[in-house]
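Below are the chains, spelled out letter by letter.
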Amino acid sequence: MNAIPGPDSDAVPNLRGARRAGFGALIGTTVEWYDFFIFGTAAALAFGHVFFPSASPTVGLLASFATFWSGFLARPVGGVIFGHLGDRIGRKKTLITTLVLMGLSSTAIGLLPGYASIGIAAPALLILLRMVQGLALGGEWGGAVLIAAEHAPPGRRMLFGAFAQQGSPVGNILATLAFLGVSALPADDFAAWGWRIPFLFSALLLLVGLIIRIGVEESPEFLAAKEHGEIAEAPALETIRTAPVPLLLGIGASAIGVGGAYFMSTFMVAWTTTDLGVSRSTILSALLLATVVQFFVQPVGALLADRFGGTRIMVTALITSAMLIPFVYALVSTGESGLIYVGLAIGALTVPAYFAVLAGFLAQAFDARIRYTGISLAYQLSATLIGGMVPFIAQWLLAGSGIALVAGYHVTLTLLTLTCVILLARRTRTHPAPHPERLDAGRDVSAESHIVAQVD
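The structure displayed is predicted, hence computed values, not measured ones. (Residues numbered from 1 in each chain as written. Predicted model: local features only at pLDDT ≥ 70, side-chain atom pairs only at ≥ 80, totals over all residues. Heavy atoms only, no water.)

## What to know about the layout of surface pockets
Selection rule: In this analysis, the protein atoms alone were mapped onto a 1 Å grid. Cavities are point sets where a 1.4 Å probe fits without being able to get out; pockets are open sets with protein on both sides within 12 Å along at least five of seven lines; lining residues have an atom within 4 Å of a point. Grid points are joined across faces, edges and corners, and a volume is the space filled by probe spheres set on the points. Numbered from the N terminus, helices here are DSSP runs of H or I no shorter than four residues, and strands are runs of E no shorter than two. Under this grouping Gly is polar, as are all residues other than the nonpolar Ala, Val, Leu, Ile, Met, Phe, Trp, Tyr, Cys and Pro and the charged Asp, Glu, Lys and Arg.
Its boundaries defined by the atoms lining it, the largest pocket holds a volume of some 450 Å³. Around the largest pocket, the lining comprises 26 residues; the ones closest to its centre are Ala44, His49, Pro57, Leu61 and Thr274. Residue assignment for the lining of the largest pocket shows that the elements contributing at least two residues are α1 (15-45), α2 (47-51), α3 (57-88), α8 (187-194), α14 (255-274) and α20 (390-401). The element best represented in the lining of the largest pocket is α3, accounting for five residues. By residue class, the composition of the lining of the largest pocket is 15 nonpolar, nine polar and two charged.

## Quick look at the packing of aromatic side chains
Stated formally: The pairing test for Phe, Tyr and Trp rings, Trp by its six-membered ring, is centres within 6.5 Å, and the orientation test on the planes gives stacked under 30 degrees, edge-to-face over 60, and tilted for anything in between. Remark: exposure states derive from per-residue accessible area (1.4 Å probe, protein chains only) relative to the maximum for the residue type, with buried under 20%, exposed over 50%, and partly exposed in between. Counting as a charge over the ring demands two things of the Lys NZ or Arg CZ atom: a distance within 6 Å of the ring centre and an angle within 35 degrees of the ring normal.
As enumerated under the stated definition, the model contains 14 aromatic pairs in all. Seen in terms of ring centroids, phenylalanine 47 and tryptophan 195 are 5.3 Å apart; in terms of plane orientation they differ by 90°. Their pairing is edge-to-face. With a gap of 148 residues between them, phenylalanine 47 in helix α2 and tryptophan 195 in the loop between α8 and α9 (196-200) connect regions that are remote in the sequence. The exposure class assigned to phenylalanine 47 is buried, which follows from its relative accessible area of 0%. Aromatic pair phenylalanine 295 and phenylalanine 296: ring centres 5.2 Å apart, planes at 85°, arrangement edge-to-face. These aromatic residues form a ring-pair network of at least three members: Phe39, Phe47, Phe51, Trp195 and Phe199. Cation over ring: arginine 280 sits above phenylalanine 190, and NZ or CZ is 4.5 Å from the ring centre.

## Observations regarding the environment of proline 299
Take proline 299: it is sitting in helix α15 (residues 280-308). For the pair proline 299 and alanine 383, spaced 84 residues apart in the sequence, the C-alpha separation amounts to 23 Å.

## Brief notes about a nonpolar patch on the surface
Rule in force here: Nonpolar side chains (Val, Leu, Ile, Met, Phe, Trp, Tyr) are joined into patches within 5 Å and like charges within 9 Å, using only residues with over 30% relative accessible area and no salt bridge. Residue-level accessible areas treat just the shown protein chains as cover; the underlying method is Shrake-Rupley with a 1.4 Å probe. Throughout this description, the term salt bridge denotes a Lys or Arg side-chain nitrogen within 4 Å of a carboxyl oxygen of Asp or Glu.
A cluster of nonpolar side chains, Phe201, Leu204, Leu207, Val208 and Ile211, forms an exposed patch at the surface whose accessible area comes to about 470 Å². Along the chain, the position of valine 208 falls in helix α10 (residues 202-214).

## As for empty space enclosed by the protein
Applying the stated criterion across every chain, the model contains five cavities of 30 Å³ or more. In this structure, the largest cavity spans a volume of roughly 560 Å³. Contributing to the lining of the largest cavity are 38 residues, with Asn172, Gly260, Ala261, Met264 and Gln294 lying nearest its centre. Elements supplying a minimum of two residues to the lining of the largest cavity: α1, α7 (157-183), α14, α15, α16 (310-332), α17 (337-347) and α18 (351-363).

## Side note on the confidence of the model for the protein chain
Going by this rule: Every residue is assigned a pLDDT by the predictor, reflecting its confidence on a scale from 0 to 100. Residue contacts are counted whenever heavy atoms from the two residues lie within 4.5 Å of one another.
Considering every residue of the protein chain, the mean pLDDT works out to 82; 90% of them sit at 70 or more. Model confidence for the protein chain, summarised as mean pLDDT per element, is weakest for helix α22 (residues 436-441) at 36 and strongest for α16 at 95. Scored below 50 in pLDDT, residues 1-13 makes 40 contacts in the model with residues more than four places away or belonging to other chains.

## Section: α3
Operational definition: In a helix, the anticipated span is given by 1.5 Å times the number of residues less one. The term bend refers to the angle at a residue between two fitted axes, each drawn through seven residues, those ending there and those starting there.
Taking 1.5 Å per residue as the helical rise, α3 with its 32 residues ought to reach 46 Å, and the 47 Å between its terminal C-alpha atoms agrees with that figure. Along α3, the sharpest kink reaches roughly 25°, centred on arginine 75 and followed within four residues by the proline proline 76.

## Topic: the side chain of threonine 94
Threshold: Think of a polar contact as two N or O atoms within 3.5 Å of one another; within protein, one of them needs to be a possible hydrogen donor and the other a possible acceptor, and neighboring residues in sequence only count if both atoms come from side chains.
Mapped onto the secondary structure, threonine 94 falls in helix α4 (residues 91-110). Polar side-chain contacts of threonine 94 include one of 2.8 Å to the backbone oxygen of glycine 90. Discounting chain neighbours no more than four positions away, the residues touching threonine 94 are Phe82, Leu85, Gly86, Ile89 and Tyr372.

## Overview of the pattern of salt bridges
Taken as a whole and judged by the stated rule, the model has three salt bridges. Between arginine 91 and aspartate 87 there is a salt bridge, and its shortest N-O distance comes to 3.0 Å. Judged by relative accessible area, which is 1%, arginine 91 ranks as buried. Given a relative accessible area of 2%, aspartate 87 falls into the buried group. In this structure, arginine 369 engages glutamate 238 in a salt bridge whose closest nitrogen and oxygen atoms are separated by 2.5 Å. Note that arginine 369 is positioned in the loop between α18 and α19 (371-385) and glutamate 238 in helix α12 (residues 235-242), a separation of 131 residues in sequence.

Encoded structure:
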């Protein structure tokens, strides 16, 4: 059986094709994250009044955050379904499907009647559409990472994997700008129709994303695996059977990458506007500044990772973040606009460097034949088990014990992530993902992997 090319093989496309793939991944994930983030902001600002009007403000907010979490419940299911398709029929076709699903479900949320119009059917349909969003994002992230990273020139996998990660801050910037545009409306107008405008804007973003994504070529590593007959029959089962440890460590290594955004956006919006009396426009402007900081820090982190090693950058970023988190919450808790801006900007200085590297880091832990499924399951299970619960748990801790415990919860997730990153890096060095034909032969290839140099 012939070997398929590895990630740094000369078989990868030219730089022009790689850049096109990276840009396509960026635009696609921007659309997906925009749609996912606007739901979180709307849950903090509007859904309690629109879909749970009979509940008290606190219960309505918790119900909104529970609805928010329902999207995370669907994300690993999306990872399995679209990971299977991506590992079986290709990255490109699968990514077009996830983009369409996300765009249509988000637009439908913008058209959804409230509880006053259709009763209990309103929150039920909201949950259903949120779960469709979760399915779409569950399949999008892993495929976007791979379509960029598997086109990467030799030695540039970390950098090109970061193209997909950059869609998160860009999508967040667009989502924040969209809500800033409607936040100045009177409260009644915002609750009646203002919050819908960002969702309806999804239809335009969907069209732009489709035009760009259709022009991206299929992954060369997938095509090589297909040519050599190395297509997994049941990628999810094979991932569980052949890579259970990387899968479990990948879940933990993704924890703050998934959950951190919801501490600093969804929970932060609810806490500051409800408990601290901060205006919607002030907190959204502060979050916009923090996201702009993230936008510039992430590519720097990816470049440093290519030069000094991904693990070193991730560990440094996570340790620094754990030290800064208490100061971030202390500054924001003052309720002073200037200090809120400073606190959120500080919070965005370190974790983005880790997040930039995370995609390429996880991709190197799984063989090409199950890579789409492997990284999708790791990231999306982390989203379900950890990330999606962040606003709910943080709000519950705030109501019962105060903001100090919320900050402690944030630090704990950061340290969990740090531990799993270190363990997965060690595991990848000593047990690198084998090529498919070597899996079949059962031979040890730990000394032969191209992965080692990039993980360190």
